[in-house]
Amino acid sequence: VLDYIGTGKTDGIFQIESAGMKSFMKELRPQNLEDVVAGISLYRPGPMDFIPKYIQGKNHPDAVTYACPQLEPILKPSYGCIVYQEQVMQICRTVAGYSLGRADLVRRMMAKKKVSEMEKERAVFLEGAEKNGVDREAADKLFDEMSSFASYAFNKSHAAAYAVLAYRTAYLKAHYPCEYLAALMTSVLGNAAKTSEYISECQRYGIRILPPDINESGPDFRAYHNDGDKYIRFGLLALKNLGEGFVK
């Protein structure tokens, strides 16, 4: 399934069917669910700037460097990049000695772009970092990086839930393309543009779309297998001017 996600043939897959996301997944070639979680988090304004760094780190993990040793356990899973809001909180805790409550306040402050409050917080962060033996210049740069990133960051729990759905839909399409595409077209009944897009996807999979048949069609698109031949019978509700009551 992960190899399949990396092919970029992910039309109809939750969160990763846009042209930009498909292109990114081809470049990323996820090896585990953590990569999918990170991919979903990175592909948005702001974090996108970290994509080249993330891919470079993924391809060459031994070359990843950290501004201070305390960052390694926090940023190692994301190859040295700050990807999640939770990492911002962990950095505040580990580097500058914040309590969990204060770290969460900083996360919220950054997310809401409260510039004046953040500048006040910088002094507290630098002081805490210095007490923990972190170079002041490195801590200052780290605070800038967190500030520019956090206003766009995803929280990891949200991204992980999205990634699980992305993986499940990719699993279904990779293993049961006929049934999955029939269900996809049923989900966009009444949307001619999307239906047409998914019909083209069926053709790429060698799945025939058969016209409506009064004896075989149901209200929805239906998948059939017949001696190795896969086809989808057109759903009657996709036809114009046929109401649900009449179809039933």
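Structure shown above.
What counts and what doesn't
Residues numbered from 1 in each chain as written. Predicted model: local features only at pLDDT ≥ 70, side-chain atom pairs only at ≥ 80, totals over all residues. Heavy atoms only, no water. Helix = DSSP H or I, 4+ residues; strand = E, 2+ residues; numbered from the N terminus. Buried < 20%, exposed > 50% of the residue type's maximum accessible area, 1.4 Å probe, protein only. Contact = heavy atoms within 4.5 Å. Core = buried A, V, L, I, M, F, W, Y, C linked by side-chain atoms within 4.5 Å. Pairing = 2+ DSSP bridges.

Visitor: Honestly, the environment of Met109 in this entry has me stumped. Any pointers?
Guide: When you line up the elements, Met109 lands in helix H7 (residues 100–111). In this structure Met109 comes out as buried when scored by relative accessible area, which is 11%. Spatially, the C-alpha atoms of Met109 and Asp213 are 60 Å apart, while their sequence positions differ by 104 residues. Aside from chain neighbours lying at most four places away, what touches Met109 is Lys114, Glu117, Met118 and Glu121.

Visitor: Just checking my understanding: could you explain the nonpolar core for this structure?
Guide: Grouped burial of nonpolar side chains is what soluble globular proteins tend to show. In terms of nonpolar packing, the biggest core is built from 69 residues, with Tyr54, Ile82, Ile91, Val95, Phe125, Met146 and Ile232 touching the most fellow members. Those residues within four positions of Tyr54 in sequence are excluded, and the remaining contacts are Leu28, Glu34, Asp35, Ala38, Leu42, Pro77, Ser78, Tyr79, Cys81 and Val83.

Visitor: Would you mind showing me how to read the pairing of strand E2 (residues 222–226) here?
Guide: Residues in a regular strand project their side chains so that they alternate between the two faces of the sheet. Across five bridges, the pairing between E2 and strand E3 (residues 229–233) is antiparallel. Counted as the bridge partner of Tyr224 is Tyr231 from E3. A loop of two residues connects E2 with E3, the two strands running antiparallel in sequence, and Asp227 in this loop sits at a positive phi of about 50°.

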